[in-house]
Amino acid sequence: MSRHVVIRAGKASFLMNKKSIWILTGLTLLTVALIIVSLGIGQLAISPVNVVQAVFGAGTDMENLVVRSFRMPRILLAVFAGAGLAMSGAILQGIIRNPLASPDIIGITAGASFTTVAFLALFSDRSNTLTVSIHWMPLASFIGAVAMGFLVYFLSWKRGGIAPVRLVLIGVGLSAAMQAMTTMMMVLGPIFTASRANVWITGSVNGTNWTEVLTVIPWIFGLTAILFFYARRLNVQELGEDLAVNAGALVQKDRFVLLFLSSALAGGAVAFAGGIGFVGLMAPHIARQLVGSSFGALIPVSALIGGMIVLVADLIARTAFAPLEIPAGVFTAAIGAPYFIYLLYRSRNK
Amino acid sequence: MIQTTPLRIGGLAAGLLLMLLLVWASIVFGLTDITTRMVVDSVYRFDSSNEHIIIRDARIPRALIAAAVGASLAVAGAIMQGLTKNPLASPSIFGINAGASFFVVLGISFFGTASLNAFTWLAFTGAALAAVIVYTCGSMGRDGLTPVKLTLAGAAIAALFSSMTQGILTLDERALDQVLFWLAGSVQGRELELLIAVLPYLLGGLVFALFMGKQMNVLQMGEDLATGLGQKTILVKLTGAAVVVLLAGSSVAIAGPIGFIGIIIPHIARWLVGIDYRWVIPYSALLGAMLLLAADISARYIIMPAEVPVGVMTAAIGAPFFVWIARRGISE
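All chains use their own residue numbering, which begins from 1 and follows the written sequence. Lettering for chains starts from A, numbering for ligands starts from 1, and both go in the order in which the items are written. Given that this is a predicted model, residues contribute local features only at a pLDDT of at least 70 and side-chain atom pairs are listed and counted only at 80 or more, while totals for whole chains, interfaces and linings are drawn from all residues. With hydrogens and water stripped out, all remaining heavy atoms of the structure feed into the side-chain values.

### So, the overall build of chain A
Note on conventions: DSSP H or I runs of at least 4 residues are helices, E runs of at least 2 residues are strands, and numbering of each starts at the N terminus. Within chain A, the secondary structure is distributed over 14 helices and four strands. Only protein chains enter the accessibility calculation, which uses a 1.4 Å probe. A residue is then buried if its area is under 20% of the maximum for its type, exposed if over 50%, and partly exposed in between. Looking at chain A as a whole, 58% of its 350 residues qualify as buried. Once local pairs closer than 6 in sequence are excluded, the contacts in chain A between residues at least 24 apart make up 72%. Residues are treated as being in contact if the distance between any of their heavy atoms lies within 4.5 Å.

### Examining the overall build of chain B
Within chain B one finds 14 helices and zero strands. Each helix and strand of chain B, ordered N terminal to C terminal, gives the series α-α-α-α-α-α-α-α-α-α-α-α-α-α. Taken over the C-alpha trace, chain B has a radius of gyration of 20 Å; the compact-globule value for 332 residues is 20 Å, and the two agree within 12%. The dimensions of chain B, computed from C-alpha atoms along their principal axes, are 65 × 55 × 35 Å. Looking at the 332 residues of chain B, the share that counts as buried comes to 61%. Considering only intrachain contacts with a sequence separation of at least 6, the fraction spanning at least 24 residues in chain B is 73%. Radius of gyration here is computed from C-alpha atoms only, and the compact-globule reference equals 2.2 Å multiplied by the residue count raised to the power 0.38.

### So, helix α11 (residues 251-273) of chain A
Here a helix's expected span is defined as the number of its residues, less one, multiplied by 1.5 Å. The end-to-end C-alpha separation of α11(A) is 32 Å, in line with the 33 Å expected for 23 residues at 1.5 Å each. With 19 of its 23 residues buried, α11(A) lies for the most part within the structure.

### Examining the packing of aromatic side chains
Aromatic ring pairs are reported here in terms of the distance separating the ring centres and the angle at which the planes meet. Working definition: a ring pair exists when centres of Phe, Tyr or Trp rings (six-membered ring for Trp) sit within 6.5 Å. Plane angles under 30 degrees give stacked, over 60 give edge-to-face, the rest tilted. Inspection of every chain in the model, using the stated rule, returns 16 aromatic pairs over all chains. Ring geometry for B:F260 against B:F322: centres 6.3 Å apart, planes inclined by 90°, an arrangement best described as edge-to-face. With a gap of 62 residues between them, B:F260 in the loop between α11 (233-255) and α12 (261-273) and B:F322 in helix α14 (residues 310-328) connect regions that are remote in the sequence. The rings of A:F150, A:Y153, A:F154, A:F256 and A:F260 are connected pair by pair, giving a single aromatic cluster.

### Thoughts on the side chain of B:R270
Residues and elements named next belong to chain B. Along the chain, the position of R270 falls in helix α12. When charges are counted, Lys and Arg contribute as positive and Asp and Glu as negative, whereas His and the chain ends are disregarded. A carboxyl oxygen of Asp or Glu within 4 Å of a side-chain nitrogen of Lys or Arg is what we treat as a salt bridge. With no salt bridge to any partner, buried R270 finds its closest opposite charge in D276, at an N-O distance of 11 Å. There is a polar contact of 2.7 Å between the side chain of R270 and the side chain of Q81. With sequence-adjacent residues up to four places away left out, R270 is seen in contact with Q81, I275, Y277 and V280. Contacts described as polar in this section are N or O atom pairs within 3.5 Å, which, within protein, must combine one atom able to donate a hydrogen with one able to accept it, while residues neighboring in sequence count only if both atoms come from side chains.

### Here's the deal with α12(B)
All names here are of chain B. The end-to-end C-alpha separation of α12 is 18 Å, in line with the 18 Å expected for 13 residues at 1.5 Å each. Counted residue by residue, α12 has 11 buried out of 13 residues, so it is predominantly covered. I261, G262, I263, I264, I265, P266, H267, A269, R270, L272 and V273 are the residues of α12 that are buried. Those residues of α12 hidden inside the fold are in contact with α1 (5-28), α3 (50-84), α13 (277-301) and α14. Directly beyond the C-terminal end of α12, a positive phi value near 85° is found at G274.

### Regarding the side chain of A:Q93
Inspection of the secondary structure assignment puts A:Q93 in helix α3 (residues 61-96). The exposure class assigned to A:Q93 is buried, which follows from its relative accessible area of 3%.

### A few points about the confidence of the model for chain B
All names here are of chain B. Every residue gets a pLDDT, meaning the predictor's confidence in that residue, from 0 to 100. Averaged over every residue, the pLDDT of chain B is 84; residues scoring 70 or more account for 94%. Looking at the elements of chain B, mean pLDDT is at its lowest for helix α7 (residues 173-183), recorded as 69, and at its highest for α13, recorded as 91. For this predicted complex, the interface confidence comes out at an ipTM of 0.75, alongside a pTM of 0.80.

### Quick notes on the pattern of salt bridges
All names here are of chain B. By the definition in use, this model includes five salt bridges over all chains. With a closest N to O distance of 2.8 Å, R62 and D296 form a salt bridge. Placement of the pair is R62 in helix α3 and D296 in helix α13, with a sequence separation of 234 residues. A salt bridge links R300 to D296; its shortest N-O distance comes to 3.1 Å. Of this pair, R300 and D296 are both found in helix α13, four residues apart, which corresponds to roughly one turn of the helix. Here R300 and D296 have matching classes, each one buried. Bridged by salt links that share partners, the residues R62, D296 and R300 form one connected network.

### Quick look at unusual backbone geometry
Although it is not a glycine, A:F278 sits at a positive phi angle of roughly 70°. Overall, A:F278 belongs to the buried group, its relative accessible area being 4%.

### Considering the environment of B:N97
All names here are of chain B. Turning to its location among the elements, N97 is positioned in helix α4 (residues 96-111). Taking the C-alpha atoms as reference points, N97 and G249, 152 residues apart in sequence, are found 7.4 Å from one another. Aside from chain neighbours lying at most four places away, what touches N97 is L73, P91, S92, A248, V252, P257 and I258.

### A few points about a nonpolar patch on the surface
Residues and elements named next belong to chain B. On the surface, a nonpolar cluster with roughly 680 Å² of combined accessible area is contributed by L18, L21, W24, F29, L31, Y301 and M304. Per-element tally for the nonpolar patch: the top contributor is α1, with three residues. Of note, W24 is situated in helix α1. The class for W24 is partly exposed, based on a relative accessible area of 35%. Residues enter patches when they are more than 30% accessible in relative terms and free of salt bridges; like-charged ones are connected within 9 Å and nonpolar ones (Val, Leu, Ile, Met, Phe, Trp, Tyr) within 5 Å. Surface accessibility in these figures is a Shrake-Rupley result with a 1.4 Å probe; residues are shielded only by whichever protein chains are displayed.

### Describing the packing of α4(B) against helix α6 (residues 147-171) of chain B
Residue and element names in this part refer to chain B. Lines fitted to C-alpha atoms define the axes, with helix axes restricted to the stretch in contact, and inter-axis angles between N-to-C directions lie between 0 and 180 degrees. Running from N to C, α4 and α6 point in directions that differ by 20°, and their axes come no closer than 9 Å. Taken as axis vectors, α4 and α6 run roughly parallel relative to one another. Taken as a pair, α4 and α6 cross one another with a handedness that is left-handed. Only A158, F161, M164, T165, I168 and L169 of α6 make contact with α4, whose side of the interface consists of A98, G99, F102, V105, L106, S109 and F110. In this classification, the charged set is Asp, Glu, Lys and Arg, the nonpolar set is Ala, Val, Leu, Ile, Met, Phe, Trp, Tyr, Cys and Pro, and all remaining amino acids, among them Gly, are polar. Split by residue class, the contact of α4 with α6 holds 10 nonpolar, three polar and no charged. By the definition adopted for this analysis, an angle is roughly parallel if under 35 degrees, roughly antiparallel if over 145, roughly perpendicular if from 65 to 115, and oblique otherwise. Crossing handedness follows the turn of the near helix against the far one: under a right angle anticlockwise gives a left-handed crossing, and clockwise gives a right-handed one.

### Description of the packing of helix α1 (residues 18-40) of chain A against helix α2 (residues 48-55) of chain A
Residues and elements named next belong to chain A. It is the contact of α1 with α2, at a shortest axis distance of 9 Å, that shows an interaxial angle of 95°. Judged by the angle between their axes, α1 and α2 are roughly perpendicular. Mapping the contact onto sequence places I36, L39 and G40 in α1 and P48, V51, V52 and V55 in α2. The residue makeup of the contact of α1 with α2, split by class, is six nonpolar, one polar and no charged.

### With respect to the environment of A:L24
Residue and element names in this part refer to chain A. Topologically, L24 is positioned in helix α1. Here L24 falls in the buried class, since its relative accessible area comes to 18%. Remark: the alpha-carbon pair of L24 and F272, spanning 248 residues in sequence, is separated by 27 Å.

What follows is the structure, encoded as structure tokens:
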């Protein structure tokens, strides 16, 4: 019996290790379990059984309200934002072939932060209320993410190609510039905008409502579906420029599409949850430890792990210092930066 | 470009003149009209008029601070680029400014620090800590210290520090109000005492840097050759790092994190006088002071009567430059 299963649907085809399928199933169950536990934790503690009842509207009125209206949206948003950032990071690490790449390091998140804060600053009036609907905010952050992705891409274009190292360096530089612009917007806007923008930049899913969740879900699912058509091309990208060209891949064109997908996923995630840092870096690495580097399995596993990371970070953020809320992004950065250092350290022993 | 010693000395003198001219411009130009005569009067015949108060309490400190901070950041960048052989090295990209800012915000928010001395030492601690972490991380791995790894480690550490800074600020809105403009990097509204408090460290750093030129030149030939020529490379690197921490730390303590000066200026200085660090360092100091003075003057006019933080101005000038350097190529 073969160790692999071939999954094929039209042009989307990839190998999946049988072990990976078990891991994927296990992680899915673990995510669901975490969601249920997390739904029960908070000022009003609810047992897992009651949580499940409340999800289907069969609990007490109070439980129904807390679970369905307050906790469910933010927890789902945490999971989907984490998944989006993780997939975005997995793609970037594939095309840049550098284990240290992620949407925050190459400036995609910084671009989205700038446009979003600019949106908050420009469309607030003196009494600190927005003059346009808040529903436009995700569009602003999406434009920022994608524009930044392409700006970095085009600026690193030289002699008919993109060198991954150049892309990373230019991303780092532009990201620093974007942070300066973001701070300027905060300085120029009213203090209320500044503090709100500050929470958003650091990344928080506090105060999420269903509209936001229902906007982000199709977004992430749609992009993921497209991504699966590109999984095998991503595998080819990882071979490196020369080998990939020899294998017949349209390297530059694929890189372009993949970068777009990566920016769009990060933009969708950042739109509502803000710049939750280091998830796009950590999740793909953990996933690679579990299922190896074939993207057919790596992408869904990264997504699940990314979702769990943000879910747990948010759980800590809202309970550790209750009633104070701390942005979840502070916790992901606190775990992520040491992890990044560990990655640098490990590269010594290879 | 400027190759002979007399020309180089002449260039320094011209630069000094130009810098003094910019200091004058920085005092005279702005929202309030001020004439040179008033400036002289305010020093010798102070009469408590509005203009005189503005000159003494706002314009003069501001001009001096801009010159001092610009010079220190540029020299810090020149030394970092020399030590790491990385054309993109600078206090802002390598997270040193972010580390210093984090410690200062921590001090303000949790310990209610207000003393200038504490401010300075917090900034030094943060700068030193970030420098050590980034350098250690950048030199991990089989292939040792590579420019790319160093840059990435710097970016990650900068991200960590700024995320923690933001974390503190979300909990403490009062502190946010207080430090927001400082965090953007600005030389406006700083008191002269702040400059005087850090001046010993700042001047110490600059003097050390000026005397390091010869050692830096030897180090540029490569570590092995430098050791072969009898240089204690470790000592040179440690001194260099200490100078960077002093210069970057004091700059952040006064003006907040101002980016990109440390990248741009050393490149311009090398373009002017070649790779001889005995000249690159003084030229960097002068050019850095000039750039920050000029950026600060133009920051007053863009959205008058409000002001753009000067850190934003330097980022706007610096980012295209950064992209240009990165495109031109960086050895892996």
